[in-house]
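# Secondary and tertiary structure notes
Given next are the chains, with one letter for each unit.
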Amino acid sequence: MTTTNLPVISCDENHIYRVNGVVKPGLTEILKAVGVLRFAGNNQAAMNRGKAVHLATYLLDRGELDWSTVIDDWMPFVTAYEDCLREKKLTPILETRELPLYAAEDYCTTIDGVYRDAQGLLMCEIKTGDNPPDHVDVQTAAQLRAIMPYNKNHFGAQLLRRRAYILLRGNGTYDFKELKDWRDDQTWLSCLNVYRRITR
């Protein structure tokens, strides 16, 4: 994957995004500000689990996971991810894993990854827990909009237009769902407009 004509994006340990050195709002910040995302930061144990599982899936995709480092409490989530890739025949595009993006609408986000399946390209958001969070439809709509420049620059004729989530559960099962409601994008744009009004 090349990076021609794309801005330099960074995200520090405090989850503050910068684009060419200028601070920009992140997707999570926006969703929290408008009340769509209500639980972020309230459950440290769940946050730590999510970070650990995301790292394990990232390493698994790259063939670099040392399974002996995965503690028992997190193992079912990681094996569920492995099962999902195999059963849904998903092939991760390694360059897109944990990829920070800057949207034309002036916000940043980080996607979990883009995958290939029998139908083409698919952006997937990885979640952990018993049920998918209520905001995942709006979140993935915003992420898909942010990755649009990569359609032109990096994916050639096979455009990325699809989005899904992978929910990994503590009992070792998973839920995979492709999200197809076009109204999610309109909801996201409404959230963004509200955010601009309350922060200007």
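Above: the structure in question.
Reading the values: rules and limits
Residues numbered from 1 in each chain as written. Predicted model: local features only at pLDDT ≥ 70, side-chain atom pairs only at ≥ 80, totals over all residues. Heavy atoms only, no water. Helix = DSSP H or I, 4+ residues; strand = E, 2+ residues; numbered from the N terminus. Rg over C-alpha atoms; globule rule 2.2 N^0.38 Å. Buried < 20%, exposed > 50% of the residue type's maximum accessible area, 1.4 Å probe, protein only. Contact = heavy atoms within 4.5 Å. Expected span 1.5 Å × (residues − 1). Arc of directions from axis to C-beta. 1 Å grid on protein atoms, 1.4 Å probe; cavity = no way out; pocket = protein on both sides within 12 Å on 5 of 7 lines; lining within 4 Å. Points joined across faces, edges and corners; volume = space filled by probe spheres on them. Nonpolar A, V, L, I, M, F, W, Y, C, P; charged D, E, K, R; others polar.

### Observations regarding the overall build of the protein chain
For the protein chain, the count of helices and strands is six helices and 10 strands. For the protein chain, the C-alpha radius of gyration of 17 Å lies close to 16 Å, the compact-globule estimate for 200 residues. Each principal axis of the C-alpha distribution contributes one length, and for the protein chain these read about 50 × 40 × 35 Å. Within the protein chain, buried positions represent 44% of all 200 residues.

### Here we look at the environment of Leu65
Here Leu65 shows up in the loop between helix 2 (44-61) and helix 3 (75-87). Apart from residues lying up to four places away in sequence, Leu65 is in contact with Ala56, Leu59, Leu60, Val70 and Val78.

### Observations concerning helix 4 (residues 136-146)
Among the 11 residues of helix 4, 10 are classified as buried, and the element is accordingly described as predominantly covered. For helix 4, the full list of buried residues reads Val136, Val138, Gln139, Thr140, Ala141, Ala142, Gln143, Leu144, Arg145 and Ala146.

### With respect to helix 6 (residues 183-199)
Given a rise of 1.5 Å per residue, 17 residues ought to cover 24 Å, and the 25 Å separating the end C-alpha atoms of helix 6 matches this to within 8%. Buried residues of helix 6: Asp184, Asp185, Trp188, Cys191, Leu192 and Tyr195, and no others. Viewed along the axis of helix 6, the buried residues span an arc of 115 degrees, placing them on a single side of the element. Along helix 6, exposed side chains directed more than 90 degrees from the buried face belong to Arg183 and Arg197. Buried positions along helix 6 lie against helix 1 (27-33), helix 4 and strand 9 (163-168).

### Remarks on the layout of surface pockets
Each pocket or cavity is described by its volume, and for the largest pocket that value is around 1,400 Å³. What lines the largest pocket is a set of 44 residues, and nearest its centre among them are His15, Thr28, Met47, Lys51 and Lys127. Listing elements by their share of the lining of the largest pocket, those giving two or more residues are helix 1, helix 2, strand 6 (108-111), strand 8 (120-128) and helix 4. Taken as a whole, the second largest pocket holds about 280 Å³ of empty space. The wall of the second largest pocket is formed by 16 residues, among which Leu144, Met148, Arg161, Arg163 and Asp185 lie closest to the centre. Among the elements of the structure, helix 4, helix 5 (148-154), strand 10 (174-179) and helix 6 are those that each provide at least two residues to the lining of the second largest pocket. Per-element tally for the lining of the second largest pocket: the top contributor is helix 4, with three residues. Among the residues making up the lining of the second largest pocket, the classes are represented as six nonpolar, one polar and nine charged.

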